[in-house]
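Read off the chains here:
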Amino acid sequence: MKSFATTIAINAPAETVWALLTDAAGYPRWNSTVETIAGRIAFGQKVTVSAKASPGRAFPLLVSVFEAPARMVWVGGMPLGLFSGTRTFTLTTAPGGGVVFAIREEFAGLLAGLITRSIPDLQPAFDAFAADLKRAAEAAG
């Protein structure tokens, strides 16, 4: 199974980080990897993400887990379990204050082996996402 992940320590309260992660309209202001997010980031809601790594494509996703301010999961893909991507955002209280932010995306399904061959290396985008979040949260918090 192909996946991408990164983790970063953020010297800001979990609520500050969570507010950034759940403000769909605000992403372009702080995140260099996202063009737009349409929709409302809340449990059971659908959002559509346009990422700079895939110009001209929009990814419809379902917010399947929303445990403020600790964990959120976005899921998207093809019907019948042929292909899916699951992106998990996690905030863990860090010793001494602040949080550890982790983001992970895993691809699965019957067609995953074929489809993931065409997915570019997203690791730099994941690293940039985390660094951008750290910068914005620490400036705000």
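Position numbers for residues count from 1 along each chain, tracking the sequence in the order it is written. Where totals are concerned, whole chains, interfaces and linings use all residues; where local detail is concerned, this predicted model gives features only for residues with pLDDT of at least 70, and gives and counts side-chain atom pairs only at 80 or more. Excluding hydrogens and water, the side-chain figures rest on all heavy atoms present in the structure.

Draft legend 1. Structural detail: the packing of aromatic side chains. Two rings from Phe, Tyr or Trp (for Trp, the six-membered ring) form a pair when their centres sit within 6.5 Å of each other. Planes less than 30 degrees apart are called stacked, planes more than 60 degrees apart edge-to-face, and all others tilted. Here the structure, examined in full by the defined rule, presents 10 aromatic pairs. Pairing W30 with F129 gives two aromatic rings, centres 5.6 Å apart and planes at 80°, and the pair type is edge-to-face. Linking W30 in helix α2 (residues 27–30) with F129 in helix α4 (residues 123–140), this pair joins segments that are 99 residues apart in sequence. Throughout, exposure labels follow a simple rule: accessible area from a 1.4 Å probe, protein chains only, divided by the maximum for the residue type, with under 20% read as buried, over 50% as exposed, and the rest as partly exposed. Take W30: its relative accessible area is 11%, and that puts it in the buried class. When the ring of F89 is compared with that of F129, the centres are 6.1 Å apart and the planes differ by 45°; the resulting orientation is tilted. One end of the pair, F89, is in strand β6 (residues 84–93); the other, F129, is in helix α4, and 40 residues separate them in sequence. A relative accessible area of 2% means that F89 is categorised as buried. Taking relative accessible area as the criterion, F129 reaches 4% and is therefore assigned buried. Each helix corresponds to a stretch of at least 4 residues labelled H or I by DSSP, and each strand to a stretch of at least 2 residues labelled E; elements are numbered beginning at the N terminus.

Draft legend 2. How the structure looks around the sheet that holds strand β2 (residues 34–39). Taken together, seven strands build an open sheet; the order of strands is β1-β7-β6-β5-β4-β3-β2 and the sheet is antiparallel. Of all the strands in the sheet, just β1 (3–10) and β2 have a single pairing partner and so form its edges. Each strand of the sheet is rotated relative to its neighbour by a mean of 20°, with strand direction disregarded. One requirement defines pairing of two strands: DSSP has to find at least two bridges between them. Across five bridges, strand β4 (residues 59–67) lies against strand β5 (residues 71–77) in antiparallel orientation. Note that in β5 the partner of E67 across the bridge is R71. Along the sheet face, helix α1 (residues 14–21) touches β1, β4, β5, β6 and β7 (99–108) and points at about 155° away from the line of β6. Every residue pair with non-hydrogen atoms within 4.5 Å of one another is taken to be in contact. Lines are fitted to the C-alpha atoms to define the axes, a helix being fitted only along its stretch in contact, and any angle between axes, read from their N-to-C directions, falls within 0 to 180 degrees. Sheet contacts for α4: β1, β6 and β7; angle to β1, the most-contacted strand, approximately 20°.

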